Amino acid sequence: MKEQISSQEWILLSSYLDGELNPREKTRVEALLRTRPEIHAVYQSLVRTKSVLQRTPRKSVPRNFTLSAEYSRQPQRSLRLIPVLRLSSAVAAFMSVFLVLSQLIPAFSPAVNRLVSPDMALQPMQEESAVMEFAPAFAEPAPIQEPPMVFWGGPPFVPQGGMGGAAVGSIPGDMVREGGYAPPIVIQPQAEKAIEVPQTLPEIARQPGEEEPLTGSGPILGVREPQEQGKILDSPTDQRMLVTGDAEVFATESEPTTPWGIPIAYVGAIVLGTLAAAFMVTALILKKASRL
Amino acid sequence: MAAHLGRSGHKKDLTDMDEAGLIKDAIRGDLDAFNRLVLTYQEMAFNLAFRMLNDETAAEDATQNAFISAYRHIGGFRGGSFKAWIMRMVTNSCYDELRRLHRRPTVPLEPLHVEDEEEIESPSWLADNQPSAEDEIEIQELEKAIQHCIAELPVEFRAVVVMIDVQGFNYSEAAQAIGHPLGTIKSRLARARMRLRICLSGFGELLPSSFRLGEEAEFS
């Protein structure tokens, strides 16, 4: 007699055999056993199968499995390291990712963050670089001490015609010698004449119909509005434009690099990433070893 | 220490209170207390390992490794059935052993017939010279049939059927020991029994008359 029995009915019969059904399921199975003879026959075979398995002879142990004292000393230092290594791995991986992001995304860059607060960041930059280099055009000129020019053994050259249109007489007579030792010639720098800058430029009389002259405050001349002055503008490159009163200068932020030209941040990210991987692998190996 | 506990192949019956006290002591690092627990469960553990692995040496290794692992991790025992917890260690150890055997298969030491190179199941040089009683033979045949049929099962079914039908665990203990929900245990057990029923019925006359199984129905 061959009948099809669903897997659900098999599970119900098997659980009924072990008394592991709830009352509702139990009632259902009992109804099946009463109404379907093939289910009853299967159930009987299941009972016998279980009886056979219960008769399985027990094997006696070949030896005792008690542990010796050496195992009691082992509760292992290495196991305590596993969580530490995992945490270190996570921290190193996080720092590595942060370093990479700080290089790739401008918002993460500490240099940009510095510029957000002009009080904190702008002042030293103005003092240090751009303003010092480019602003002195209209500042009071500092007195420059020119060293005297000394020519050993005669003049550096003897004009042989040409002279670029310069008159022979314009060359100092002492510099023109013919052969022989010549004592050093010392030319003292001439004191520069102070250039007098008029406080007010004379007004130029405009003819009627002539256009209004440029005032010097528009973007065409590169001079920013007063409220824009002192701000640093972002530029597509690493250079950042520093706006001063009259000139725009680029303050270049040079990143620290290794002797091979690789940015230190990338090297740090690689080192941290390697450390993270090494810690993780060590933790896995220790865990695997502890299970044996 | 372990030496004075003596060799025992029998389960030492402990009351629940005794067991709880021994577990507490073992968690504090008392090896003697842990070894008393080992003596209580070693036979059950070895039998489970043997039925799962179908190899006595491998079962021995798996049982020993399971107890070592249990001692190392006993601090992680969070109450419940200690028997189920220990059997989980044994099951995991058996899975590890099966993986190891799968990676490095071993060759049996049984000799081969010279002519047809077939294995001799009971070589004369290993045979026990003592005459066996008839019932002993019957038990051996029964065990051989059962072991053969259990070994034919998928490994995840073996643990369930051995724990519940051979060792007498209830479903929740088996679920705890195997680490799967109750529904999975029920399903696996039903499928395992279905296969065993078919397999054992193939042995027919080898089984004792009261256990011979007929063929009544087919699983769909």
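Analysis parameters
- Residues numbered from 1 in each chain as written.
- Chains lettered and ligands numbered in written order.
- Predicted model: local features only at pLDDT ≥ 70, side-chain atom pairs only at ≥ 80, totals over all residues.
- Helix = DSSP H or I, 4+ residues; strand = E, 2+ residues; numbered from the N terminus.
- Buried ≥ 20, exposed ≤ 12 C-beta atoms within 10 Å, placed from the backbone.
- Contact = placed C-beta atoms within 7 Å.
- pLDDT = per-residue confidence, 0-100.
- Axes fitted to C-alpha atoms, helices over the stretch in contact; angles between N-to-C directions.
- Parallel < 35°, antiparallel > 145°, perpendicular 65-115°, else oblique.
- Nonpolar A, V, L, I, M, F, W, Y, C, P; charged D, E, K, R; others polar.
- Core = buried A, V, L, I, M, F, W, Y, C linked by C-beta atoms within 7 Å.
- Expected span 1.5 Å × (residues − 1).

1. Some remarks on the overall build of chain A
Of the regular secondary structure elements, chain A holds 9 helices and 6 strands. The buried share of chain A, taken over its 292 residues, is 13%. Residue pairs in contact within chain A that sit at least 24 positions apart in sequence constitute 54% of those at least 6 positions apart.

2. Topic: the overall build of chain B
A tally of regular secondary structure across chain B gives 8 helices and 1 strand. Mapped in sequence order, the helices and strands of chain B form the string α-α-α-α-α-α-α-α-β. Look at the contacts in chain B between residues 6 or more apart in sequence, and 63% of them connect residues 24 or more apart.

3. Describing the environment of Thr91(B)
Residues and elements named next belong to chain B. If you trace the backbone, Thr91 turns up in helix H4 (residues 82-103). Residue Thr91 is classed as buried on the basis of its C-beta count, with 27 C-beta atoms lying within 10 Å. Taking C-alpha positions, Thr91 is 9.2 Å from Thr63, a pair spaced 28 residues apart along the chain. Leaving out residues up to four positions away in the same chain, Thr91 has contacts with Ala159, Ala177 and Ile178.

4. Things to note about the confidence of the model for chain A
Residues and elements named next belong to chain A. When the pLDDT values of chain A are averaged, the result is 67; 43% of them are 70 or greater. Summarising per-element confidence for chain A, the mean pLDDT is lowest in helix H8 (residues 130-134) (47) and highest in helix H2 (residues 23-35) (93). Low pLDDT (under 50) marks residues 236-240, which in the prediction has 12 contacts with non-local residues, meaning those over four places away or in another chain. This stretch, residues 242-252, has a pLDDT under 50; its non-local contacts, to residues over four places away or in other chains, come to 36 contacts.

5. Section: the packing of helix H3 (residues 37-54) of chain A against helix H6 (residues 155-166) of chain B
Packed helices, taken two at a time, are described by the angle between their axes plus the distance between the axes. At a closest axis distance of 9 Å, the pairing of H3(A) and H6(B) adopts a crossing angle of 85°. Here H3(A) lies roughly perpendicular to H6(B), going by the angle between them. Seen from H3(A), the contacting residues are Lys50(A), Leu53(A) and Gln54(A); seen from H6(B), they are Val161(B), Asp165(B) and Val166(B). Along the lines of polarity and charge, the residues of the contact of H3(A) with H6(B) split into 3 nonpolar, 1 polar and 2 charged.

6. What about the nonpolar core?
One broad rule of soluble globular proteins: the nonpolar side chains tend to lie buried together. Counting 71 residues, the largest nonpolar core has Ala45(B), Ala49(B), Val90(B), Val160(B), Val161(B) and Met163(B) as the members making the most contacts within it. Ranked by residue count, the leading element in this core is helix H2 (residues 31-53) of chain B, at 14 residues. Dropping the residues within four chain positions of it, Val161(B) is found in contact with Leu53(A), Ile150(B), Leu153(B), Leu189(B), Ala192(B), Arg193(B) and Leu196(B). The next biggest cluster of nonpolar side chains, apart from the first, holds 8 residues, and it includes Leu99(A), Ala269(A), Ala276(A) and Ala283(A).

7. Some points on helix H3 (residues 56-73) of chain B
In this model, H3(B) (18 residues) spans 25 Å end to end at C-alpha, consistent with the 26 Å of a helix rising 1.5 Å per residue. Of all the residues in H3(B), the buried ones are Ala59(B), Ala62(B), Thr63(B), Gln64(B), Asn65(B), Ala66(B), Phe67(B), Ala70(B) and Tyr71(B).

8. Observations concerning H4(B)
Between its terminal C-alpha atoms H4(B) stretches 32 Å, which fits the 32 Å expected from 22 residues at 1.5 Å a residue. Restricting attention to buried positions, one finds in H4(B) the residues Phe82(B), Lys83(B), Trp85(B), Ile86(B), Met87(B), Met89(B), Val90(B), Thr91(B), Ser93(B), Cys94(B) and Glu97(B).

9. With respect to the confidence of the model for chain B
All names here are of chain B. For chain B, per-residue confidence averages 80 on the pLDDT scale, and 73% of positions sit at 70 or higher. At the level of individual helices and strands, chain B shows its lowest average pLDDT in strand E1 (residues 218-219), which scores 46, and its highest in H2, which scores 94. pLDDT under 50 marks residues 111-117. Its contacts with residues more than four places away, or in other chains, come to 7 contacts. Every residue in residues 215-220 scores below 50 in pLDDT, and together they form 20 contacts with partners more than four places removed in sequence or on other chains. Scoring of the predicted complex yields 0.53 for pTM and 0.75 for ipTM.

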